[in-house]
Amino acid sequence: MSAETTILVALLLPVLAAVSCLLLGGGLGRPNLRDIATPLIGACTFAAVWRLAGDVLAGGRPELVLFEVLPGVELAFQVEPLGLLYGLVASGLWIVTSIYAVGYMRGHHEQNQTRFFTFFALSIFAALGIAFASNLFTLFLFYEALTLLTFPLVTHHGTDEARRAGRIYLGILLFTSISFLLFAILVTWRLTGTIEFTPGGILGAETSSGMVTVLLLLYAFGAGKAALMPFHRWLPNAMVAPTPVSALLHAVAVVKAGVFAILKIVVYVFGLDLLAGSNASLSLMTIASFTMLMAAVIAIRQDNLKARLAYSTISQLAYIVLGAAMATATGVLAGGMQIAMHAAGKITLFFCAGAILVATHKKKVSELDGLGRTMPWTFAAFFLASLSIIGIPPLGGSWAKWYLMVGALETGFAWQAAFLGVLMLSSLLAVFYLMPVVVRGFFAASPSAGPSGSAGGDRKPIAEAPFLCVAPLVLTALLSLALFFVAGDLVTLLNF
Amino acid sequence: MIEKILVLEVVLPLLAAPVCVLVRHPRFCRLFSLGVVAACFAIAVALLVEVRGGGVISYQLGGWPPPLGIEYRVSTVNAYLLALVTSMALVVFSFDSRGGPPRVPEQRRHLYYAVFLLCISGLLGIAITGDAFNIFVFLEISSLSSYILVSLGGHRRAVMSAFYYLVMGTIGGVFFMLGVGLLYQATGTLNLRDIAARLEPSLDDRGSVLALALLVVGISIKLAVFPLHHWLPNAYSFAPPKVSAFLAATATKVSFYLLAMVLFTIFGAPFVFEELRLQAVLLPLSILAMFLASGAAIFQNDLRRLLAYSSVAQIGYMTLGLSTANATGLAGGLVHLFNHAVMKGGLFLVVACLLYRVGSVHIDALAGIGRRMPLTSAALVIGGLSLIGVPGTVGFVSKWYLVSGVLERGWTAAAVLILLSSLLALVYVGKVVEVLYFRKPAETQPIDHVREAPLGMLAPAWVLAAAAVFFGLTTDWTYGVAREAAELLLAGGI
């Protein structure tokens, strides 16, 4: 199978999964078969993306040009390191999530499961399209498709709350993408006559510093999925969706699509040299730092567990934007790394939140007292993943933070120390919003145990969520541990 | 050979109309007119293929050479319009509306088909002829027949809106006529190319400026340029659904061609856009149309009125492309003719499906229909996405070139406004989609009996929905042709 075919196969397999969902779940009425098919096809998709990894590591850039849409604008794909990484993360975690989703959706007795799994698979298709896009048009096409395809997932419950959230979701994401991202793309097209992603960037050195700043901000805010403040409100609202959606899409595929787009645009549209030579990056670094701290502070005050995790995501995404804005090789490396590390960590946290919901119907942090003793696996996984998000070795997240700090020191700005301080402060805040969950779970007295805390003989039995929920979250927790030891490969891959 | 069949493009529907009147059999009339329209479409495609790349085909009526005789002349610009009108006519005619407008009794249906054919022949005539007075004749043929078509809408207000349309349309026609008269006085000829060659417009020459003013205002009424659009929302919402689909897809498009032809071919871009600076009027009006009409669409509770106001806004995009007066922007405006025809035609056909099954397209009556009529609703979603301009649909292609053209002119603010205005489309489309899929049907209006529309209705609607995606991804025969036409117009040719 040539690399060209492999790209096509990787893109079409999720579509096949969607079709098989529709047929097996809708037409033929075989939900069990449907729920087996999705993870299997997911595994094939991952294998297809994995096959491309060899080529890319060897320095190849497999390409697939489908056809010309407008004169000079093609629907085309090219696999480069950043896209490969994002593709691997999205397709790999899709397998785990599709298993988890079966346990969750059945355990929680959700309606319209066929529609759910169909749109879920189509969202992965859009995510892979973004990952492999070789020009801004293709990226934009799949970026909008991802917004629209995830809309039915956000509004899945059909309640007033879900509809309101859906409106905010579509409103903010389409508003930013149409009025900022599309505008920036058109301005780029006007300035350079091309929208191909090119190593070293397409904007010439003659572009004025003011123009670079305006464009960079348009792109950064235009990729609204990156949830930079003040365009972040869609993400907490999207939490009304079933937990697998929050886990894979709103912690991994969708939000990473935004930051991935920013990274890719910084590297292949602006070029690191052009950005480093202008003072554009300082403004974006400031915005990212503000978002990072502000969201973390808000996260501490959230009692709803999923909302707390959502604000944590906003804060953690800003790390990636910060890395991109540094416009150094180390910054991009750190950003890419954070895509993978945060994905593994945050998906675990959401899986845990969902497992708690399925097992106990509890949504609030304040209700979790003592639950760790009845759900030890879930809370242990939560603990490990929290460490990774905070950035404590030996968990994957620590490397991303390490390289970000190195990158902050490398930038020539006089106040590099300030950004270093922001990073440290943000990690500290992460301790404050994540650890209480673990502490309450393991150490607080469970409310039913009575005020006297009659410890002794009556230990509560283990009452975990269904196996299909618990196994994936243990797996992803172990993954964030394993990522600590394979970080070297990522450094090789993301060598800009 | 090809110049011989050129004239058939107009003659076929013109002769088919009396045949319908004579035969009177409704079923025959339906199939016969479908066949005629299909033949016209085939001819138009053949013409377009022939002239693509800069060819011109000319036919002299009665063998009288121009400028004395009437010349039918087809270049890329005309062929593009002919293909647009006939393709839309073909789709609309293949739409099986179960016998035609409900208010027209069986024994008089043949008249409905005859009038429809006359309307088509008028529109095709405007696009094909190279003679100014001939244009006026065809303009009246198409206008008069469309007044009749609108009045058949069934609702009593259809008659009133047809009358209002008639009054406005006649004013427009008179203005156009006066303009042609002044041109004739100035040049002594009615052949368009001859007028263009002899006319030396200048700001000191009151006659030519007045002629331009009369022509532009006259055509603007027919085109429903903001603020001369008041006839349009009523006409489109009370006409029979098939007629709305056809008129929305074609009538205003032909008027747009007429406007472009007057500005670029007869008066020439240098005079209109450099000396007279028409864009100082046209650009603000276009932007106002985009915002005010889209804003009005948001507050409509009848789906047809909503789409009609959206049409006024979309016409704003087209005239905006016109006012850039550069190849990219003008091509963007021209390609939007076809793109808008595809999406709005498709949406009005969806309206026809909904009317047939649900009985009303009031927003409250549509609650929960998404589940009862999934395919119809999906076609509506595609058309709606295209109105917003989501990439992968035709709307995106138009927007891409309109914004590019505007940026080329250096009008950054206008570019931003175009993009912002498409968010208003997001609001009114989102409103409909939300009702279709998420609102619970009212207790008083059970929808359990509602079924999916019959295939004869669904298929044409889906042809246009599919076209909205297909031509959003392959643009050689839409943008490619529009670009050629735009370059031809800017060079002063037709």
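Remember, predicted model here, so these are calculated numbers, not experimental data. (Residues numbered from 1 in each chain as written. Chains lettered and ligands numbered in written order. Predicted model: local features only at pLDDT ≥ 70, side-chain atom pairs only at ≥ 80, totals over all residues.)

A. Structural detail: the packing of helix H13 (residues 329–360) of chain A against helix H16 (residues 397–410) of chain A. All names here are of chain A. At a minimum axis distance of 8 Å, the contact between H13 and H16 shows a crossing angle of 160 degrees. As summarised for this structure, H13 and H16 are arranged roughly antiparallel, according to the angle between their axes. The chirality of how H13 crosses H16 is left-handed. Where H13 approaches H16, its residues Thr330, Gly331, Leu333, Ala334, Met337, Gln338, Met341, His342 and Gly345 are matched on the opposing element by Gly397, Trp399, Ala400, Tyr403, Leu404, Val406, Gly407 and Glu410. Class assignment of the residues belonging to the contact of H13 with H16 gives a composition of 9 nonpolar, 7 polar and 1 charged. (Axes fitted to C-alpha atoms, helices over the stretch in contact; angles between N-to-C directions. Helix = DSSP H or I, 4+ residues; strand = E, 2+ residues; numbered from the N terminus. Parallel < 35°, antiparallel > 145°, perpendicular 65-115°, else oblique. Left-handed = near helix turned anticlockwise from the far one by under 90°. Contact = placed C-beta atoms within 7 Å. Nonpolar A, V, L, I, M, F, W, Y, C, P; charged D, E, K, R; others polar.)

B. Representation of the confidence of the model for chain A in the model. All names here are of chain A. Counting all residues, the mean pLDDT for chain A is 88, and 97% of those residues have values of 70 or more. At the low end of the mean pLDDT range in chain A sits helix H10 (residues 272–277), at 84; at the high end sits helix H5 (residues 136–154), at 94. Low pLDDT, under 50, characterises residues 451–457; the predicted model gives this stretch 2 contacts beyond four residues in sequence or across chains. (pLDDT = per-residue confidence, 0-100.)

C. Region of interest: the pairing of strand E2 (residues 71–74) of chain B. Residues and elements named next belong to chain B. Here E2 shows no split at all, with Glu71 and Arg73 on one side and Tyr72 and Val74 on the other all buried. Relative to E2, strand E1 (residues 57–60) runs antiparallel, the two sharing 4 bridges. Bridge pairing in E2 places isoleucine 57 opposite valine 74. (Buried ≥ 20, exposed ≤ 12 C-beta atoms within 10 Å, placed from the backbone. Pairing = 2+ DSSP bridges.)

D. Region of interest: the environment of Phe290(A). Mapped onto the fold, Phe290(A) is located in helix H11 (residues 280–301). In sequence terms Phe290(A) and Leu228(A) are 62 residues apart; their C-alpha atoms lie 9.2 Å from each other.

E. Spotlight on unusual backbone geometry. The step from Pro66(B) to Pro67(B) runs through a cis peptide bond, and the omega angle for that step is 5 degrees. Note on placement: Pro67(B) falls in the loop between E1 and E2. Following Phe226(B), the chain continues to Pro227(B) via a peptide bond in cis, the omega torsion being 0 degrees. Located in the positive-phi region is Ala227(A), a residue other than glycine, with phi close to 60 degrees. Within the element layout of this structure, Ala227(A) appears in the loop between helix H7 (209–222) and helix H8 (234–237). Phi is positive for Arg277(B), which is not a glycine, with a value near 55 degrees. Within the secondary structure, Arg277(B) sits in the loop between helix H12 (269–275) and helix H13 (279–298).

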